[in-house]
Every structure is written in structure tokens, then in C-alpha cells.
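A look at the structure
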Amino acid sequence: MSIGEEVILVVDFGSQYAHLIARRIRELKVYSEIVFPDITEKEIEKIAPKGIIFSGGPRSVYEKDAPLLTDDVFDYLIRKDIPILGICYGHQLIALKMGGNVKGEKKKEYGIATVDILDPEGIFNDLENKETVWMSHGDQVFELPPGFVITSKTDNSPIAAFRSTSKKIYGLQWHPEVVHTKNGQKILSNFVYNVCGCKGTWDLSDFIEENVSKIRNKVGSGKAVIALSGGIDSSVAAAVAEKAIGNRLYAVFVDHGLLRKGEAEVVSKAFSGHDINFKKIDAKKRFFDKLFGITDPEKKRMVIGEEFIRIFEEEAKKIGADFLVQGTIYPDIIESGRSQHADTIKSHHNVGGLPDSISFKEIIEPLRDLYKDEVREVGRRLGLPDKIIDQYPFPGPGLAVRITGPVTEENIRICREASSIVEEELEKASIENIWQAFAVTLEDKVVGVVGDQRKFGRIVALRIVESQDAMTANFKKLPWDVLEKISTRITNEVPEVVSVAYFISHKPPQTIEPC
Ligand code: XMP
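Because the structure is a prediction, the values reported are computed rather than measured.

Glancing now at the nonpolar core. In this structure, Phe54, Leu69, Leu77, Val236 and Phe312 are the most contacted members of the largest nonpolar core, which totals 97 residues. Examining the composition of this core, we find that nine residues originate from one element, helix α7 (residues 232-245), more than from any other. Core analysis: the next-biggest nonpolar cluster, separate from the first, contains 38 residues, Ala18, Leu28, Leu127 and Phe191 among them.

A few words on the pattern of salt bridges. Across all of its chains, the model carries 44 salt bridges by this definition. Glu314 is the partner of Arg286 in a salt bridge, and the nearest nitrogen-oxygen pair spans 2.8 Å. Within this pair, whereas Arg286 is found in helix α9 (residues 284-291), its partner Glu314 is found in helix α10 (residues 297-319), the two being separated by 28 residues in sequence. In this structure Arg286 comes out as partly exposed when scored by relative accessible area, which is 29%. Relative accessible area serves as the criterion here: at 36%, Glu314 is assigned to the partly exposed category. A salt bridge links Glu425 to Lys428, with the shortest nitrogen-to-oxygen separation between them at 2.9 Å. A residue pair is termed a helical-turn pair when its members lie 3 or 4 positions apart in one helix, as Glu425 and Lys428 do in helix α14 (residues 409-428) at three residues.

Let us now look at the UniProt feature "active site" (unreviewed entry) in the protein. Mapped onto the present numbering, the UniProt feature "active site" (unreviewed entry) falls at Cys88, His175 and Glu177. Sequence-wise these annotated residues cover 90 residues; spatially they are packed, their C-alpha atoms never more than 11.3 Å apart. Residue placement: His175 occurs in the loop between β9 (169-172) and α5 (184-195). Residues in contact with His175, not counting those within four places in the same chain, are Tyr17, Ile87, Cys88, Trp134, Ser136 and Thr181.

Turning to the environment of Arg301, a few remarks are in order. Turning to its location among the elements, Arg301 is positioned in helix α10. For the pair Arg301 and Gly352, spaced 51 residues apart in sequence, the C-alpha to C-alpha distance is 8.6 Å. Other than its neighbours up to four places away in sequence, Arg301 contacts Lys346, Ser347, His348, His349, Gly353, Pro397, Val401 and Cys515.

Our next topic: the packing of aromatic side chains. This model, assessed by the stated rule, comprises 13 aromatic pairs. Relative to Phe74, the ring of Phe54 lies with its centre 6.0 Å away and its plane at 45°, an arrangement referred to as tilted. Of the two residues, Phe54 sits in strand β3 (residues 51-54) while Phe74 sits in helix α3 (residues 71-79), which places them 20 residues apart along the sequence. A single burial state applies to Phe54 and to Phe74, both of which are buried. Through successive ring pairs, a cluster of aromatic residues spans Phe13, Phe54, Phe74 and Tyr89. Against the face of Tyr371 rests Arg23, its NZ or CZ located 5.2 Å from the ring centre.

Under the domain assignment, the protein is made up of domain 1 (7-195), domain 2 (204-389) and domain 3 (402-502). Using C-alpha coordinates to define each centre, domain 1 is positioned 37 Å away from domain 2. Taken together, the contact between domain 1 and domain 2 spans nine residues of the former and eleven residues of the latter. With both chains or domains summed, domain 1 and domain 2 bury close to 960 Å², and 51% of this area falls on carbon and sulfur atoms. The three residues of domain 1 that bury the most area against domain 2 are Arg23, Arg26 and Phe36, which together make up 53% of that side's buried surface. The interface formed by domain 1 and domain 2 includes two salt bridges.

Another aspect to go through is the site of the ligand. Neighbouring the ligand are 16 residues, the closest being Arg301, Glu335, Lys346, Lys507 and Glu513. Ile512 places a polar main-chain atom, nitrogen or oxygen, 2.8 Å from an oxygen atom of the ligand. Contact distances for the ligand include 2.5 Å between an oxygen atom and a side-chain N or O atom of Glu513. Contact with the protein chains hides 93% of the accessible area of the ligand, taken as 490 Å² for the molecule alone. Partitioned by chemical class, the residues of the shell around the ligand number six nonpolar, five polar and five charged. Each of domain 2 (204-389) and domain 3 (402-502) gives at least three residues to the shell around the ligand.

Of the positions making up α3, those classed as buried are Val73, Phe74, Tyr76, Leu77 and Ile78. For α3, the secondary structure elements touched by its buried residues are α2 (41-47), β3, β4 (84-87), α4 (89-97) and β9. Remark: Asp81 follows α3 within two positions and exhibits a positive phi of approximately 60°.

Time to look at the packing of α7 against helix α12 (residues 372-381). In the contact formed by α7 and α12, the axes pass within 9 Å of each other and the chain directions differ by 45°. Considering the angle they form, α7 stands oblique to α12. Crossing geometry of α7 relative to α12 is assigned as left-handed. Across the interface between the two elements, Ile232, Asp233, Val236 and Val240 of α7 pack against Lys372, Val375, Arg376, Val378 and Gly379 of α12. By residue class, the composition of the contact of α7 with α12 is five nonpolar, one polar and three charged.

Below, the discussion takes up the sheet that holds strand β14 (residues 362-364). Taken in spatial order, the five strands line up as β12-β11-β10-β13-β14 in an open sheet, and their pairing is parallel. Of all the strands in the sheet, the pair left with one neighbour each is β12 (279-282) and β14. Adjacent strand axes in the sheet meet at a mean angle of 30°, parallel and antiparallel pairs treated alike. Looking at chain direction, strand β10 (residues 224-227) and strand β13 (residues 323-325) are connected through three bridges and run parallel. Looking across to β13, one finds that Ile226 is bridged to Val325. Set on the sheet, α10 makes contact with β10, β11 (249-255), β12 and β13; between it and β11 the angle comes to about 140°.

Basis of the calculations
- Residues numbered from 1 in each chain as written.
- Predicted model: local features only at pLDDT ≥ 70, side-chain atom pairs only at ≥ 80, totals over all residues.
- Heavy atoms only, no water.
- Core = buried A, V, L, I, M, F, W, Y, C linked by side-chain atoms within 4.5 Å.
- Buried < 20%, exposed > 50% of the residue type's maximum accessible area, 1.4 Å probe, protein only.
- Helix = DSSP H or I, 4+ residues; strand = E, 2+ residues; numbered from the N terminus.
- Salt bridge = Lys/Arg side-chain N within 4 Å of Asp/Glu carboxyl O.
- UniProt positions renumbered as here; feature names shortened; annotations may be inferred.
- Contact = heavy atoms within 4.5 Å.
- Phe/Tyr/Trp six-rings, centres within 6.5 Å; stacked < 30°, edge-to-face > 60°.
- Lys NZ or Arg CZ within 6 Å of the ring centre and 35° of its normal.
- Domains from an automatic or database assignment.
- Buried area = accessible area lost by both parts, 1.4 Å probe.
- Near = heavy atom within 4 Å.
- Polar contact = N/O pair within 3.5 Å; in protein donor to acceptor, adjacent residues only side chain to side chain.
- Areas by Shrake-Rupley, 256 points an atom, 1.4 Å probe, with all protein chains shown as cover.
- Nonpolar A, V, L, I, M, F, W, Y, C, P; charged D, E, K, R; others polar.
- Axes fitted to C-alpha atoms, helices over the stretch in contact; angles between N-to-C directions.
- Parallel < 35°, antiparallel > 145°, perpendicular 65-115°, else oblique.
- Left-handed = near helix turned anticlockwise from the far one by under 90°.
- Pairing = 2+ DSSP bridges.

Structural data, given as C-alpha cells:
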């Protein structure tokens, strides 16, 4: 199947759950894509979605500058009879656009609630009369638009859900995408299958085949360079590209001196058997010179992004390759603020950190529509070893974004040694469900006492999180004895360090990488 055949669009109105909606839809085997409120009628026409979901959002629909779809887009959706599901803010937006009314409530409704299902048609098919749902809203619809009926209510929200009697338009005040809504996935499934008429043909195997043939068509009889870091994304991208063009793929592994302990050896070993012309470039001096004195995280990312590209260009020139394959994944694009309305959280080195002028004919990104766990699944299906697939994700800019100060030998060494202790101890303790685990070298110093002597020493902070797709994350609630072991080993084995801290912030507000 082709991605374009069955698409559900999710309009992100600024909700932290917009990604969760898209993922839930993909779990239903229907491809879904996030778009932003500035999407145009023409763009929608080109995608020809089977349905569209309006996400929640932090604003009020009647606020000045609230993100609203244009009337043209809204009219287009109605004219073409494209099914719409509005969630929370999206529900209120439908009410506003269709002639109903929304108002702010003094008392916000937040958390688990029980709703009465009044009408089992469409999205409520097969639900109980009472359902447990998760609410999070300040505003609510208090006047139905003409031609709509109430389909659900709570004591606090008399119009907790509605639907149009003549069009496929549904609104929900609560969030079906979060696990606390017991039958949330059933509601989404009803929308996708019963209302939008999807067949559920999105499958990763088809995705692989489709991308393999796309790469073949693009590269033709030419050659391509793959930017291989040994991390999950670039390794999987390499496997897809290798399947497509075999030994006309040239893997360039840049050792920028910012790698994890032992990484260069592991990667060299893992890929040297492949038929992909593996070449390791020692570029440590080059990167350290360029990064000298820089502490601003975004500047670090820009410098690293540019330097990577220049090395790949130089190598491509030697080989005679016109194409660069990168392991960019969907969250890299979203976080780099590649949409007009999305804020730049951090410029991923391979997206926002790219220089303006590049001498490649084209950059090929076979994984750009996938979330990390989907990338892992593609890697498994292509037979990559567990060691590569199950490793902690490692950002292209490497340890440079795990030190809050300048890139110096000492800062990098502290980060590398302490992180390796973290990984070893977590493995020994068999702690499960960890998405990411490493140590951060902080710039501040604190007074310590070592062997009866004062020592004004360094601090490292541990970042260990659980996550599904890195768009949100929770700090891992580790047993104290494991934390104690890690702390003791770091202060004993990394001579500069006298203090170990633990980041106990989720994402949001803190991101996973510190810089
Ligand atoms: P953040 O820090 O944005 O990290 O919460 C989310 C996930 O993305 C990885 N990450 C990167 N990967 N280039 C990459 O290849 C980058 O510039 C980059 N920045 C963050 C990060 O390791 C985490 O898994």
C-alpha cells in the first residue's frame, strides 16, 4: 500500500497530545500525519485524506490570535464531506465554525470523569451507556450549532459530545487518545473505520518496499553516500538504502570525538561485514577546532550540522556520489520547527542544523515519516542486530549536546566516562523500559571533601527517562540503591566529579537531551 492511499490528517492546535492521536491512528493500521492550522485547501486536496481530526490545544477559540483553520479550508472539508472529529479545543472549534457557542468556565474540569453516552451512532458504536473518560478543559460548548445533536453529557458538561445530523462531523470534549479514557481506542477506531471508511492497510512491510523502490528510482544507476552514525535511525536508513542500491551505497562514519565510550569500535565492527563500502573518518580535531569556545546549544548544533555535511560532500566528490541518505525521523522534523507555526525546540543536526547550500543533488530520508518505535520495527524486519536496534538513541551531535559548557577534552571525557557507568549499572540491575540514559556534564562546581581535603569539583546530572516515542517522556523512578551505586561509582572513578544529581523533570517541560 502507498502512504497516500489512506491518510487521516491530525491538525495540531498546540496540544501535547497531537502526536499521541497520530500514533493511535497508526496503531489502527491507518497512516496518519500531523499538519498545522495554516494548512491550505490545495494541500488538503493533494493529500485527499479519508478524514481529519482536530486536536486539543491550550488556547480558547474566541481568543485573539487563537489558531483557527481558514473559512476556505473549513468550507472545503464540509463541501467534500470529509469526516471531521474535533477533540477538546477541536470540538469547540467545530462549534464556533458551525454557528454554536463556546464559553470559558470558572471551574476547569481536569482528570477522570464519567460520561453518559446518549447516542450510539457513529463514533460511539458499541460503547456502554456510561464511559470512563479523561477530561482536561476550561472552556465548553454551551450552545449547539444548528443541525447538531448532543451525544454525550456529564454533570459539568451538558454538551460533552455532539454530532451533525446530516454530515460526518463529530465533537468530543474529552480525550480519546489518552489511556485513561477506557474505550478511547474504540472511539478512534469507530471514527477511522465506520465513519471514514478506512480499510486499515498501513503496514511497515509495504512501507519498506515502497521506500526501497523510491530510492532505486531516484538514484538510478548512480551512487549515494549514507551518513552512518551507528545509532538506530542511521543504521536502519542504511539497511533500507542497502536493500535498494546494494554496493552503490557508501557508508561514511564520522568519528567527531563526541562519541560514547567504545562506540567507534562497535560501529566499525557491526558494519564492516556489510556490502556498503564502510569508511571511518577521523575528524576529531576538525570538530573540536570548529566548536572551540561555543556554549550556546543551537550554535553547537549548527556548527556540527554544517561540518557533517562538508565531510559528506568531500567524500561524495571522491566517490562520484550525487545523493546523501540520512536517518531523519518524524520527531526530528517536528522538533526542528519545520512548520511555520511550530516552535523550534532544538535544531536536529540533520534538519534545522543543515547549511543553506549543499552540493548534493538530493537528500534522501527514507524514515522521515516514522516514529522511533516504528523505525526500530523496520530495523528488526530488515534483520539488524539487537545491539543496534535496542541501544539507547544517540543524537548526531553526540556528547556535545550533553555538556552545558564548551566542548573541551575534559568536559567530554567526564560525560563519556560517567555515561558509561550509568549504562553499565542499569544493565547490571536489569532495569526495564528505559528509553534513554546518560550523564550530563554541568558547568557549575560545588565544594566537596575527598580524603579530608577540600575539593571544588564538578557536577554531573543523570538523565534517565521512560518514553514511547520521545515526544513526551517521564523521568525514571529508579530504586535508590541503583542510584546510589551509580553515584558512588561516578565520584570514585571520574576524578573531577564530587557531586551527582538526578533530573526529576518530565518532558515537557524539560527535553531529553539537555542542550
Ligand atoms: P529531545 O532532547 O529533543 O530528544 O527531547 C528526543 C530524542 O531525539 C534525539 N535527538 C537527536 N537526534 N540529532 C539526532 O539524530 C539531533 O540533533 C538530536 N537532538 C535530539 C535525542 O537523543 C532523543 O532520543
